[in-house]
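Examining the three-dimensional arrangement
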Amino acid sequence: MPELVVTALLAPSRLTLKLLRAFMWSLVFSAALVAAAGYGCIALAHVLCRPRRGCCGRPRRAPPACLSDPALGEHCFLTLRSSGLRLHYVSAGRGNGPLMLFLHGFPENWFSWRYQLREFQGRFHVVAVDLRGYGSSDAPRDVDCYTIDLLMADIQDVILGLGYSKCILVAHDWGALLAWNFSIYYPSLVERLVVVSAAPMSVYQDYSVRHIGQFFRSNYMFLFQLPWLPEKLLSMSDFQILKTTLTHHKRGIPHLTPSELEAFLYDFSQPGGLIGPLNYYRNLFRNFPLESQELATPTLLLWGEKDPYLEQGLVGAISSRFVPGRLEAHILPGTGHWIPQSHPKEMHQYMWAFLQDLLD
(Lines give C-alpha, C1' and ligand atoms only; values in the text may rest on other atoms or scores of the structure.)
Protein backbone atom coordinates (compact mmCIF):
# COMPACT_ATOMS: atom_id res chain seq x y z
CA MET A 1 0.00 0.00 0.00
CA PRO A 2 1.42 3.41 -0.96
CA GLU A 3 2.89 5.35 1.94
CA LEU A 4 0.63 8.34 1.23
CA VAL A 5 -2.49 6.18 1.58
CA VAL A 6 -1.25 4.67 4.84
CA THR A 7 -0.53 8.14 6.21
CA ALA A 8 -4.00 9.33 5.23
CA LEU A 9 -5.65 6.32 6.87
CA LEU A 10 -3.72 6.80 10.11
CA ALA A 11 -4.25 10.56 10.26
CA PRO A 12 -7.60 10.45 12.16
CA SER A 13 -6.17 8.08 14.80
CA ARG A 14 -3.08 10.22 15.25
CA LEU A 15 -5.14 13.37 15.55
CA THR A 16 -7.43 11.74 18.12
CA LEU A 17 -4.42 10.61 20.17
CA LYS A 18 -2.91 14.11 20.09
CA LEU A 19 -6.19 15.66 21.19
CA LEU A 20 -6.54 13.08 23.97
CA ARG A 21 -3.04 13.83 25.21
CA ALA A 22 -3.62 17.58 25.04
CA PHE A 23 -6.82 17.17 27.05
CA MET A 24 -5.04 14.94 29.56
CA TRP A 25 -2.23 17.45 30.07
CA SER A 26 -4.71 20.30 30.52
CA LEU A 27 -6.39 18.29 33.29
CA VAL A 28 -3.03 17.36 34.87
CA PHE A 29 -1.79 20.94 35.05
CA SER A 30 -5.15 22.22 36.25
CA ALA A 31 -5.00 19.65 39.05
CA ALA A 32 -1.36 20.63 39.66
CA LEU A 33 -2.31 24.25 40.23
CA VAL A 34 -5.08 23.27 42.64
CA ALA A 35 -2.69 20.95 44.50
CA ALA A 36 -0.05 23.70 44.59
CA ALA A 37 -2.52 26.06 46.25
CA GLY A 38 -3.41 23.44 48.84
CA TYR A 39 0.12 22.39 49.64
CA GLY A 40 1.24 26.02 49.59
CA CYS A 41 -1.21 26.77 52.39
CA ILE A 42 0.02 23.74 54.35
CA ALA A 43 3.68 24.76 53.94
CA LEU A 44 2.92 28.37 54.93
CA ALA A 45 1.06 27.17 58.02
CA HIS A 46 4.11 25.12 59.04
CA VAL A 47 6.32 28.20 58.67
CA LEU A 48 3.96 30.37 60.71
CA CYS A 49 3.70 27.73 63.45
CA ARG A 50 7.49 27.22 63.58
CA PRO A 51 8.99 30.59 62.53
CA ARG A 52 12.45 29.76 63.86
CA ARG A 53 12.86 27.07 61.22
CA GLY A 54 12.44 29.60 58.43
CA CYS A 55 11.36 29.02 54.84
CA CYS A 56 14.21 26.74 53.79
CA GLY A 57 15.37 23.29 54.76
CA ARG A 58 18.42 22.94 56.98
CA PRO A 59 21.23 20.97 55.24
CA ARG A 60 22.39 18.14 57.47
CA ARG A 61 26.15 18.18 58.00
CA ALA A 62 26.63 14.48 58.71
CA PRO A 63 24.55 11.35 58.13
CA PRO A 64 23.01 9.66 61.18
CA ALA A 65 24.88 6.70 62.64
CA CYS A 66 22.12 4.22 61.72
CA LEU A 67 23.07 4.54 58.04
CA SER A 68 26.44 2.96 58.88
CA ASP A 69 25.13 0.00 60.89
CA PRO A 70 27.42 -2.90 59.84
CA ALA A 71 24.67 -5.43 60.60
CA LEU A 72 22.78 -4.18 57.54
CA GLY A 73 25.59 -4.93 55.09
CA GLU A 74 28.49 -3.48 53.18
CA HIS A 75 28.22 -0.17 51.30
CA CYS A 76 29.28 -0.48 47.66
CA PHE A 77 29.03 1.31 44.32
CA LEU A 78 28.31 -0.08 40.87
CA THR A 79 28.94 1.72 37.58
CA LEU A 80 26.03 1.04 35.24
CA ARG A 81 26.89 -0.25 31.79
CA SER A 82 24.10 1.57 29.92
CA SER A 83 24.48 5.06 31.38
CA GLY A 84 27.83 5.20 33.14
CA LEU A 85 26.11 6.42 36.33
CA ARG A 86 27.24 5.11 39.71
CA LEU A 87 24.60 3.58 41.97
CA HIS A 88 25.10 3.10 45.68
CA TYR A 89 23.89 -0.14 47.26
CA VAL A 90 24.11 -2.07 50.51
CA SER A 91 24.91 -5.76 50.20
CA ALA A 92 24.89 -8.69 52.63
CA GLY A 93 24.88 -12.47 52.40
CA ARG A 94 26.83 -12.83 49.13
CA GLY A 95 27.21 -16.54 48.41
CA ASN A 96 24.30 -17.53 50.66
CA GLY A 97 21.75 -17.96 47.89
CA PRO A 98 19.94 -16.24 45.01
CA LEU A 99 20.01 -12.48 44.51
CA MET A 100 17.21 -10.64 46.33
CA LEU A 101 17.11 -7.08 45.00
CA PHE A 102 15.21 -4.34 46.85
CA LEU A 103 13.81 -1.18 45.22
CA HIS A 104 12.61 1.61 47.52
CA GLY A 105 9.93 4.27 47.10
CA PHE A 106 9.52 7.99 47.84
CA PRO A 107 10.45 9.66 50.16
CA GLU A 108 12.83 6.85 51.11
CA ASN A 109 16.16 5.25 50.24
CA TRP A 110 17.93 1.91 50.74
CA PHE A 111 17.47 2.22 54.52
CA SER A 112 13.75 1.51 54.20
CA TRP A 113 14.72 -2.17 53.74
CA ARG A 114 16.71 -2.44 57.01
CA TYR A 115 14.39 -5.09 58.47
CA GLN A 116 14.46 -7.22 55.31
CA LEU A 117 18.25 -6.97 54.97
CA ARG A 118 18.62 -8.47 58.44
CA GLU A 119 15.93 -11.10 57.90
CA PHE A 120 16.96 -12.59 54.56
CA GLN A 121 20.77 -12.28 54.40
CA GLY A 122 21.20 -15.78 55.84
CA ARG A 123 19.59 -17.47 52.79
CA PHE A 124 19.92 -14.88 50.02
CA HIS A 125 22.36 -12.34 48.67
CA VAL A 126 20.38 -9.25 49.67
CA VAL A 127 21.03 -5.96 47.88
CA ALA A 128 19.19 -2.69 48.58
CA VAL A 129 19.98 0.07 46.09
CA ASP A 130 19.66 3.81 46.19
CA LEU A 131 17.78 4.37 42.94
CA ARG A 132 19.10 6.91 40.46
CA GLY A 133 18.72 10.40 41.95
CA TYR A 134 18.55 9.16 45.56
CA GLY A 135 21.03 8.96 48.40
CA SER A 136 24.64 8.44 47.41
CA SER A 137 23.77 7.37 43.85
CA ASP A 138 24.45 9.72 40.95
CA ALA A 139 21.67 12.26 40.47
CA PRO A 140 21.44 13.93 37.04
CA ARG A 141 19.24 17.02 37.15
CA ASP A 142 17.56 16.72 33.72
CA VAL A 143 13.97 15.46 33.76
CA ASP A 144 14.67 13.32 30.69
CA CYS A 145 17.17 11.28 32.72
CA TYR A 146 14.31 9.72 34.70
CA THR A 147 12.16 8.06 32.05
CA ILE A 148 10.76 4.61 32.80
CA ASP A 149 12.95 3.05 30.09
CA LEU A 150 16.14 4.45 31.60
CA LEU A 151 15.14 3.41 35.11
CA MET A 152 14.41 -0.14 33.93
CA ALA A 153 17.79 -0.23 32.22
CA ASP A 154 19.33 0.65 35.60
CA ILE A 155 17.70 -2.40 37.18
CA GLN A 156 18.93 -4.65 34.38
CA ASP A 157 22.46 -3.27 34.75
CA VAL A 158 22.42 -3.87 38.51
CA ILE A 159 21.36 -7.52 38.16
CA LEU A 160 23.87 -8.30 35.43
CA GLY A 161 26.57 -6.11 36.96
CA LEU A 162 26.36 -8.08 40.22
CA GLY A 163 26.99 -11.26 38.25
CA TYR A 164 23.50 -12.74 38.17
CA SER A 165 21.15 -13.77 35.37
CA LYS A 166 17.95 -13.36 37.41
CA CYS A 167 16.74 -12.20 40.80
CA ILE A 168 13.94 -12.11 43.32
CA LEU A 169 12.73 -8.54 42.95
CA VAL A 170 11.21 -6.94 46.06
CA ALA A 171 9.80 -3.44 45.72
CA HIS A 172 7.62 -0.81 47.38
CA ASP A 173 5.86 2.33 46.17
CA TRP A 174 7.82 3.93 43.26
CA GLY A 175 10.25 1.05 43.25
CA ALA A 176 7.28 -1.26 42.78
CA LEU A 177 6.01 0.74 39.79
CA LEU A 178 9.39 0.09 38.19
CA ALA A 179 9.34 -3.56 39.26
CA TRP A 180 5.94 -4.17 37.64
CA ASN A 181 7.20 -2.74 34.36
CA PHE A 182 10.51 -4.56 34.63
CA SER A 183 8.77 -7.92 35.11
CA ILE A 184 6.80 -7.28 31.91
CA TYR A 185 9.68 -6.18 29.68
CA TYR A 186 12.51 -8.25 31.23
CA PRO A 187 10.69 -11.40 32.41
CA SER A 188 13.76 -13.64 32.12
CA LEU A 189 15.55 -11.56 34.77
CA VAL A 190 12.79 -11.87 37.39
CA GLU A 191 12.39 -15.27 39.03
CA ARG A 192 9.87 -14.03 41.60
CA LEU A 193 8.30 -10.65 42.27
CA VAL A 194 7.28 -9.26 45.66
CA VAL A 195 5.30 -6.02 45.40
CA VAL A 196 4.17 -3.86 48.31
CA SER A 197 1.68 -1.02 47.96
CA ALA A 198 1.74 -0.29 44.23
CA ALA A 199 -0.16 -1.13 41.05
CA PRO A 200 1.10 -1.47 37.48
CA MET A 201 0.87 1.87 35.70
CA SER A 202 -1.72 0.70 33.17
CA VAL A 203 -3.90 -0.74 35.96
CA TYR A 204 -3.60 2.48 37.98
CA GLN A 205 -4.52 4.51 34.89
CA ASP A 206 -7.64 2.49 34.04
CA TYR A 207 -8.78 2.23 37.67
CA SER A 208 -8.35 5.95 38.39
CA VAL A 209 -10.43 6.94 35.37
CA ARG A 210 -13.30 4.90 36.80
CA HIS A 211 -12.77 5.75 40.49
CA ILE A 212 -12.33 9.47 41.03
CA GLY A 213 -11.53 8.92 44.71
CA GLN A 214 -8.15 7.50 43.73
CA PHE A 215 -7.25 10.80 42.07
CA PHE A 216 -7.85 12.62 45.34
CA ARG A 217 -5.67 10.13 47.23
CA SER A 218 -2.90 10.79 44.71
CA ASN A 219 -3.19 14.58 44.65
CA TYR A 220 0.51 15.05 45.45
CA MET A 221 1.41 13.48 42.09
CA PHE A 222 -0.14 16.46 40.33
CA LEU A 223 1.78 18.95 42.46
CA PHE A 224 5.01 17.21 41.49
CA GLN A 225 4.41 17.89 37.79
CA LEU A 226 5.34 21.54 38.32
CA PRO A 227 8.95 22.78 38.08
CA TRP A 228 10.89 23.96 41.20
CA LEU A 229 7.82 24.75 43.32
CA PRO A 230 7.42 21.23 44.83
CA GLU A 231 11.07 21.24 45.93
CA LYS A 232 10.50 24.58 47.64
CA LEU A 233 7.28 23.55 49.38
CA LEU A 234 8.68 20.23 50.61
CA SER A 235 11.76 21.90 52.08
CA MET A 236 9.94 24.72 53.92
CA SER A 237 10.04 24.72 57.72
CA ASP A 238 12.92 22.22 57.63
CA PHE A 239 11.12 19.62 55.47
CA GLN A 240 8.03 19.54 57.67
CA ILE A 241 5.76 18.12 54.94
CA LEU A 242 8.13 15.17 54.51
CA LYS A 243 8.42 14.78 58.28
CA THR A 244 4.65 14.68 58.59
CA THR A 245 4.37 12.17 55.73
CA LEU A 246 6.77 9.79 57.46
CA THR A 247 5.74 10.28 61.11
CA HIS A 248 2.00 11.04 61.08
CA HIS A 249 0.26 9.00 63.79
CA LYS A 250 -2.23 7.54 61.30
CA ARG A 251 -0.63 7.79 57.86
CA GLY A 252 3.07 7.54 58.73
CA ILE A 253 5.55 4.87 59.83
CA PRO A 254 4.80 3.77 63.42
CA HIS A 255 7.58 4.04 65.97
CA LEU A 256 10.02 5.74 63.56
CA THR A 257 12.86 7.04 65.72
CA PRO A 258 14.39 10.51 65.25
CA SER A 259 17.58 8.90 63.95
CA GLU A 260 15.64 6.81 61.41
CA LEU A 261 13.75 9.89 60.28
CA GLU A 262 17.07 11.67 59.74
CA ALA A 263 18.26 8.69 57.68
CA PHE A 264 15.66 9.66 55.08
CA LEU A 265 15.96 13.43 55.42
CA TYR A 266 19.76 13.60 55.26
CA ASP A 267 20.09 13.21 51.48
CA PHE A 268 16.98 15.26 50.69
CA SER A 269 18.47 18.12 52.71
CA GLN A 270 21.59 18.34 50.55
CA PRO A 271 21.63 20.93 47.71
CA GLY A 272 19.40 19.63 44.89
CA GLY A 273 18.53 16.54 46.92
CA LEU A 274 14.84 16.59 45.96
CA ILE A 275 15.24 17.25 42.23
CA GLY A 276 15.99 13.67 41.14
CA PRO A 277 13.25 12.00 43.21
CA LEU A 278 10.60 14.47 42.00
CA ASN A 279 11.72 14.02 38.38
CA TYR A 280 10.36 10.46 38.59
CA TYR A 281 6.87 11.95 38.95
CA ARG A 282 7.47 14.47 36.15
CA ASN A 283 7.77 11.54 33.75
CA LEU A 284 4.74 9.70 35.10
CA PHE A 285 2.24 10.87 32.45
CA ARG A 286 4.66 10.91 29.53
CA ASN A 287 3.36 7.72 27.90
CA PHE A 288 -0.37 8.23 28.48
CA PRO A 289 -2.57 6.48 27.45
CA LEU A 290 -1.08 3.09 28.34
CA GLU A 291 -2.18 -0.21 26.84
CA SER A 292 -3.41 -3.02 29.08
CA GLN A 293 -0.81 -5.73 29.67
CA GLU A 294 -1.08 -9.31 30.84
CA LEU A 295 0.93 -10.12 33.97
CA ALA A 296 2.58 -13.52 34.22
CA THR A 297 5.54 -13.35 36.62
CA PRO A 298 4.89 -15.32 39.86
CA THR A 299 4.06 -12.49 42.24
CA LEU A 300 3.36 -11.89 45.92
CA LEU A 301 1.31 -8.72 46.41
CA LEU A 302 0.98 -7.16 49.87
CA TRP A 303 -1.48 -4.33 50.45
CA GLY A 304 -2.39 -2.26 53.47
CA GLU A 305 -6.05 -2.27 54.44
CA LYS A 306 -5.76 1.36 55.57
CA ASP A 307 -3.38 2.64 52.91
CA PRO A 308 -4.21 6.36 52.66
CA TYR A 309 -2.77 6.68 49.15
CA LEU A 310 -4.18 3.62 47.35
CA GLU A 311 -7.69 2.16 47.33
CA GLN A 312 -8.23 -1.54 48.04
CA GLY A 313 -10.11 -1.88 44.77
CA LEU A 314 -6.79 -1.76 42.95
CA VAL A 315 -6.00 -5.25 44.26
CA GLY A 316 -8.95 -6.70 42.34
CA ALA A 317 -8.00 -4.68 39.27
CA ILE A 318 -4.47 -6.10 39.44
CA SER A 319 -5.77 -9.66 39.87
CA SER A 320 -7.89 -9.35 36.73
CA ARG A 321 -4.77 -8.78 34.62
CA PHE A 322 -2.89 -11.85 35.84
CA VAL A 323 -2.45 -15.24 34.25
CA PRO A 324 -4.41 -17.59 36.58
CA GLY A 325 -2.33 -19.04 39.39
CA ARG A 326 0.52 -16.53 39.14
CA LEU A 327 -0.62 -13.99 41.76
CA GLU A 328 -0.80 -14.42 45.52
CA ALA A 329 -2.39 -11.30 47.04
CA HIS A 330 -2.91 -10.41 50.70
CA ILE A 331 -4.57 -7.36 52.25
CA LEU A 332 -3.03 -6.87 55.70
CA PRO A 333 -5.65 -5.78 58.27
CA GLY A 334 -4.98 -2.52 60.07
CA THR A 335 -1.87 -1.68 58.05
CA GLY A 336 -1.09 1.42 56.02
CA HIS A 337 1.27 2.24 53.18
CA TRP A 338 4.67 1.53 54.76
CA ILE A 339 4.41 -2.25 55.31
CA PRO A 340 8.17 -3.08 55.02
CA GLN A 341 8.83 -0.78 57.98
CA SER A 342 5.54 -0.84 59.91
CA HIS A 343 4.78 -4.58 59.76
CA PRO A 344 8.02 -6.37 58.83
CA LYS A 345 7.18 -9.60 60.71
CA GLU A 346 3.98 -10.14 58.75
CA MET A 347 5.75 -9.29 55.49
CA HIS A 348 8.55 -11.74 56.25
CA GLN A 349 6.13 -14.56 57.00
CA TYR A 350 4.41 -14.13 53.66
CA MET A 351 7.75 -13.87 51.84
CA TRP A 352 9.26 -17.00 53.40
CA ALA A 353 6.16 -19.02 52.47
CA PHE A 354 6.14 -17.60 48.93
CA LEU A 355 9.84 -18.38 48.38
CA GLN A 356 9.99 -21.71 50.22
CA ASP A 357 10.12 -23.87 47.07
CA LEU A 358 13.22 -21.98 45.89
CA LEU A 359 15.02 -22.97 49.09
CA ASP A 360 14.06 -26.65 49.22
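Residues numbered from 1 in each chain as written. Predicted model: local features only at pLDDT ≥ 70, side-chain atom pairs only at ≥ 80, totals over all residues. Heavy atoms only, no water.

Considering the layout of surface pockets
- Each pocket or cavity is described by its volume, and for the largest pocket that value is around 860 Å³.
- Every residue lining the largest pocket is counted, 37 residues in all, and those nearest its centre are Tyr-204, Ser-208, Phe-215, Phe-222 and Phe-285.
- Residue assignment for the lining of the largest pocket shows that the elements contributing at least two residues are helix H1 (3–49), helix H4 (174–185), helix H5 (201–210), helix H6 (212–217) and helix H7 (219–223).
- It is H1 that contributes the most residues to the lining of the largest pocket, eight residues altogether.
- For the second largest pocket, the calculated volume is near 480 Å³. (1 Å grid on protein atoms, 1.4 Å probe; cavity = no way out; pocket = protein on both sides within 12 Å on 5 of 7 lines; lining within 4 Å. Points joined across faces, edges and corners; volume = space filled by probe spheres on them. Helix = DSSP H or I, 4+ residues; strand = E, 2+ residues; numbered from the N terminus.)

Topic: empty space enclosed by the protein
- On inspection of all chains with the given rule, the structure shows one cavity of 30 Å³ or more.
- What lines the largest cavity is Leu-87, Leu-101, Leu-103, Val-129, Leu-131, Arg-132, Leu-151, Asp-154, Ile-155, Val-158, Leu-178 and Tyr-280.
- Of all the elements in the fold, those that place two or more residues in the lining of the largest cavity are strand E3 (99–103) and helix H3 (148–161).
- The greatest single-element share of the lining of the largest cavity, amounting to four residues, is contributed by H3.
- Taken together, the residues of the lining of the largest cavity sort by class into ten nonpolar, no polar and two charged. (Nonpolar A, V, L, I, M, F, W, Y, C, P; charged D, E, K, R; others polar.)

Points about the packing of aromatic side chains
- In total, this model carries 22 aromatic pairs according to the counting rule given.
- A network of ring pairs unites the aromatic residues Phe-106, Tyr-134, Tyr-146, Trp-174, Tyr-220, Phe-224, Phe-268, Tyr-280, Tyr-281 and Tyr-309 as a single cluster.
- Over the face of the ring belonging to Phe-77 we find Arg-86, whose NZ or CZ atom lies 4.1 Å from the ring centre. (Phe/Tyr/Trp six-rings, centres within 6.5 Å; stacked < 30°, edge-to-face > 60°. Lys NZ or Arg CZ within 6 Å of the ring centre and 35° of its normal.)

Section: the packing of H3 against H4
- Relative orientation of the contacting elements H3 and H4 amounts to 80°, with a least axis distance of 10 Å. Judged on the interaxial angle alone, H4 and H3 are roughly perpendicular. Only Trp-174, Leu-178, Asn-181, Phe-182 and Tyr-185 of H4 make contact with H3, whose side of the interface consists of Ile-148, Leu-151, Met-152, Ile-155, Gln-156 and Ile-159.
- Of the residues that constitute the contact of H3 with H4, the class distribution is nine nonpolar, two polar and no charged. (Axes fitted to C-alpha atoms, helices over the stretch in contact; angles between N-to-C directions. Parallel < 35°, antiparallel > 145°, perpendicular 65-115°, else oblique. Contact = heavy atoms within 4.5 Å.)

A look at H5
- With eight of its ten residues buried, H5 lies for the most part within the structure.
- Three or more residues of H5 are buried, namely Met-201, Ser-202, Val-203, Tyr-204, Gln-205, Asp-206, Tyr-207 and Ser-208. (Buried < 20%, exposed > 50% of the residue type's maximum accessible area, 1.4 Å probe, protein only.)

Here we look at the pairing of strand E1 (residues 74–79)
- As paired strands, E1 and strand E2 (residues 86–92) are joined by six bridges and run antiparallel to one another. If you follow Phe-77 over to E2, its bridge partner there is His-88.
- Hairpin connection, E1 to E2: the antiparallel pair is bridged by six residues, and Gly-84 has positive phi, about 80°. (Pairing = 2+ DSSP bridges.)

A look at the environment of Phe-215
- Relative to the elements of secondary structure, Phe-215 occurs in helix H6.
- In this view, Phe-215 contacts Ser-208, Val-209 and Phe-222; residues no more than four positions away in its chain are not counted.

Focus: the UniProt feature "transmembrane region" (unreviewed entry) in the chain
- According to UniProt, the positions carrying the feature "transmembrane region" (unreviewed entry) are residues 22–48.
- Helix makes up 100% of residues 22–48 and strand 0%, whereas the separation of the span's terminal C-alpha atoms amounts to 39 Å. (UniProt positions renumbered as here; feature names shortened; annotations may be inferred.)

With respect to the UniProt feature "domain: AB hydrolase-1" (unreviewed entry) in the chain
- When the UniProt feature table is mapped to this numbering, "domain: AB hydrolase-1" (unreviewed entry) covers residues 98–339.
- Regarding residues 98–339, the helix share stands at 41% and the strand share at 14%, and the terminal C-alpha atoms are separated by 23 Å.

Quick look at the pattern of salt bridges
- For the structure on display, the rule yields twelve salt bridges.
- For Asp-238, the salt bridge is made with Arg-60, and the minimal N-O distance between the two is 2.7 Å. Of the two residues, Asp-238 sits in helix H8 (residues 229–247) while Arg-60 sits in the loop between H1 and E1, which places them 178 residues apart along the sequence. Arg-60 carries the same exposure label as Asp-238, and that label is buried. (Salt bridge = Lys/Arg side-chain N within 4 Å of Asp/Glu carboxyl O.)

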